[in-house]
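# Fold and geometry: a report
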Amino acid sequence: MQIRDLRLRWFRNYDERVFHFDSPSVLLVGQNGSGKTNVLEALSVLAVGKSFRSGVQIRDLVHWQKPDSLPTSVEGSIQTRDGLKQVRFQIENGRRSFFVNDNRQKSLSDFYGVVRVVDFSPDDLFLIKGPPADRRDAFDRIFTMTIPLYGLSLTNYEKALQERNALLREVKHHPISERELNAQLSQWESILINEGLKLAAIRREELTKLSPLFSKFYAHLADHAGEQAALNYETIFIDQSGNIISELAAEKLFAESRLGDRSAVRTAIGIHRDDYEFLLDVGQGLRSAKGNASQGQTRSLVLALKFAFIEYIREKTKEDPVLLLDDIESELDEKRKKALFELVEALDTQLFLTHPELSEIGKNSIKTDPGNSQKGLQLIEL
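On a predicted model such as this, the values are computed, not experimentally measured, just so you know.

The rules we used
Residues numbered from 1 in each chain as written. Predicted model: local features only at pLDDT ≥ 70, side-chain atom pairs only at ≥ 80, totals over all residues. Heavy atoms only, no water. Helix = DSSP H or I, 4+ residues; strand = E, 2+ residues; numbered from the N terminus. Buried < 20%, exposed > 50% of the residue type's maximum accessible area, 1.4 Å probe, protein only. Contact = heavy atoms within 4.5 Å. Areas by Shrake-Rupley, 256 points an atom, 1.4 Å probe, with all protein chains shown as cover. Lys, Arg positive; Asp, Glu negative; His and termini not counted. Charge placed at Lys NZ, Arg CZ, Asp CG, Glu CD. Salt bridge = Lys/Arg side-chain N within 4 Å of Asp/Glu carboxyl O. pLDDT = per-residue confidence, 0-100. Axes fitted to C-alpha atoms, helices over the stretch in contact; angles between N-to-C directions. Parallel < 35°, antiparallel > 145°, perpendicular 65-115°, else oblique. Left-handed = near helix turned anticlockwise from the far one by under 90°. Nonpolar A, V, L, I, M, F, W, Y, C, P; charged D, E, K, R; others polar. Pairing = 2+ DSSP bridges. Expected span 1.5 Å × (residues − 1). Polar contact = N/O pair within 3.5 Å; in protein donor to acceptor, adjacent residues only side chain to side chain. Phe/Tyr/Trp six-rings, centres within 6.5 Å; stacked < 30°, edge-to-face > 60°.

### Digging into the overall build of the protein chain
The helix and strand tally for the protein chain stands at nine helices and 14 strands. Expressed as lengths along the three principal axes of its C-alpha atoms, the size of the protein chain is roughly 75 × 60 × 35 Å. Burial analysis of the protein chain (382 residues in total) assigns 53% to the buried set. A separation threshold of at least 6 residues defines the contact pool for the protein chain, and within that pool the share at least 24 residues apart is 71%. With the model as given, the accessible surface of the protein chain reaches about 17,900 Å², and the carbon-plus-sulfur share is 47%. The distance from the centre of the 51 positive side-chain charges to the centre of the 56 negative ones in the protein chain is 3 Å.

### Re the pattern of salt bridges
Taken as a whole and judged by the stated rule, the model has 23 salt bridges. For Lys306, the salt bridge goes to Asp119, with nearest N and O atoms at 3.9 Å. Of the two residues, Lys306 sits in helix α7 (residues 295-317) while Asp119 sits in strand β8 (residues 117-120), which places them 187 residues apart along the sequence. Close ionic contact of Glu206 with Lys209 constitutes a salt bridge, the shortest N to O distance being 3.2 Å. Here Glu206 and its partner Lys209 are both found in helix α5 (residues 178-221), three residues apart, which amounts to about one turn of the helix. Residue Glu206 is classed as buried on the basis of its relative accessible area, which comes to 5%. Taking relative accessible area as the criterion, Lys209 reaches 35% and is therefore assigned partly exposed. Beyond isolated ion pairs, a larger network of salt bridges with shared partners links Arg7, Arg9, Glu16 and Glu75.

### Topic: the confidence of the model for the protein chain
Confidence in the prediction for the protein chain averages 89 pLDDT; 94% of positions are at 70 or higher. Contacts for the low-pLDDT stretch residues 367-374, under 50 throughout, to residues beyond four places or in other chains number 17 contacts.

### Here's the deal with the packing of α5 against α7
Where α5 contacts α7, the axes come no closer than 7 Å and their chain directions differ by 130 degrees. Comparing their axes, α7 and α5 come out oblique. Seen along the crossing, α5 lies across α7 with a hand that is right-handed. Grouping the amino acids of the contact of α5 with α7 by side-chain chemistry returns 14 nonpolar, two polar and six charged.

### Topic: the sheet that holds strand β9 (residues 228-234)
The three strands are arranged β9-β10-β11 in an open sheet whose pairing can be described as antiparallel. Across the chains shown, the open sheet's two edge strands, defined by having one partner strand only, are β9 and β11 (287-288). Sheet topology note: the strand β10 (residues 275-281)/β11 ladder contains two bridges and is antiparallel. Bridge pairing links Leu279 to Ser288 in β11. Relative to the sheet, α5 contacts β9 and β10, its axis offset from that of β9 by approximately 170 degrees. Lying over the sheet, α7 contacts β9 and β10, oriented at roughly 120 degrees with respect to β10.

### Points about the sheet that holds strand β12 (residues 322-326)
Pairing in this open sheet of five strands is parallel, and the strands run β8-β12-β13-β3-β14 from one edge to the other. On the outer flanks of this sheet lie β8 and β14 (377-381), each paired with one strand and no other. Each strand of the sheet is rotated relative to its neighbour by a mean of 15 degrees, with strand direction disregarded. Direction of pairing for strand β3 (residues 25-29) relative to β14: parallel, over a ladder of five bridges.

### Things to note about helix α1 (residues 36-48)
Spanning 13 residues, α1 covers 19 Å between terminal C-alpha atoms, matching the ideal 18 Å at 1.5 Å per step. Buried residues dominate α1, accounting for 13 of its 13 residues.

### Remarks on the side chain of Asn38
Examined against the element boundaries, Asn38 turns out to sit in helix α1. We classify Asn38 as buried; its relative accessible area is 11%. At a separation of 3.1 Å, a polar atom in the side chain of Asn38 contacts the side chain of Arg53. Apart from residues no more than four positions distant in its own chain, Asn38 is found in contact with Phe11, Arg12, Asn13, Tyr14 and Arg53.

### Concerning the packing of helix α4 (residues 148-173) against helix α6 (residues 247-264)
Packing of α4 against α6 leaves a shortest axis separation of 10 Å and a crossing angle of 50 degrees. Judged by the angle between their axes, α4 and α6 are oblique. Viewed along their axes, α4 and α6 form a crossing whose handedness is right-handed. Residues Arg164, Leu168 and Lys172 of α4 form the contact with α6, whose own contacting residues are Phe254, Arg258, Asp261, Arg262 and Ser263. Taken together, the residues of the contact of α4 with α6 sort by class into two nonpolar, one polar and five charged.

### Some details on the packing of aromatic side chains
Taken as a whole and assessed by the stated rule, the structure comprises 13 aromatic pairs. Aromatic side chains Phe19 and Phe21 sit 6.2 Å apart centroid to centroid with 10 degrees between the ring planes, which places their arrangement in the stacked category. For Phe21, a relative accessible area of 3% gives the class buried. Seen in terms of ring centroids, Phe214 and Phe278 are 5.7 Å apart; in terms of plane orientation they differ by 75 degrees. Their pairing is edge-to-face.

Following this line, the structure appears as structure tokens:
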């Protein structure tokens, strides 16, 4: 997969800008505030319809001086194994829409997977010790790009969750009968259970494929020989024996949670509370990395996860994703920079990097061929 060009209209700090990419390695150079990360963010939006930045809302992507009559859009020409495709993400009147070859997609699930990217930014270093929502989002993005029904189930689940929470807020101020309340709660819980069980099963199954890849890459990046790492998935929808629970068992869990949910005015259980645990073994058995990983180990764990994502996508789709690296060299020591670019060199994937300037390790490690732009490093100054 290769991105040939990118057109931005009223996106972030760009009123209109067109980029042409004629190389498998693209370096975006510019000082802070020049819009380097915004370009990578736009490429990410083409893949999953939202930013890779934590906490960013749709409205945040819109240029603050955009005329009311014009939409915000991100459009790219994508070379895939099935041919060249035109993909467009658009925001108009606060609503998202998606187009492939100028055909508006009826649902997000029809759009997901046309473009596949794996991104790494300094914010990712908080994945290990940060909130579960960030870890869920990281894995959801990958599963959405590779499993057609995953994105649809996740969208259905999130809509039902919003409706159930809205109902809890409404009845707090405008009470209704217990019978009516339970009937309405059951309506949304039915969707949460149906879609939640499907999502939990996919997450569990796919992690059995991701964890060995993650372990392999961590061994390459580790501080010391012999260190091992693994991934674990935690959800209320899996019992102590490791089996997905039944619909009846899930219904009972939600029914038992209703009283507390009414008091807290939120849904306390479900796959929106799931977590992914990073496990680390430095000679004393696997333990949670959250409270035990050093700064260097944390960086290696996150890098290993990203490279595991790349290989997972390749194995799943038989096509290489695009790799987005945002200002990573400022966060990595020399050893990890060298290991990182050794892995990048071994990949057959398009690479986008941002930085005020590229280190000598990066310059020497990325494939360059001055006589052939298809193998060289393309420099774009912003």
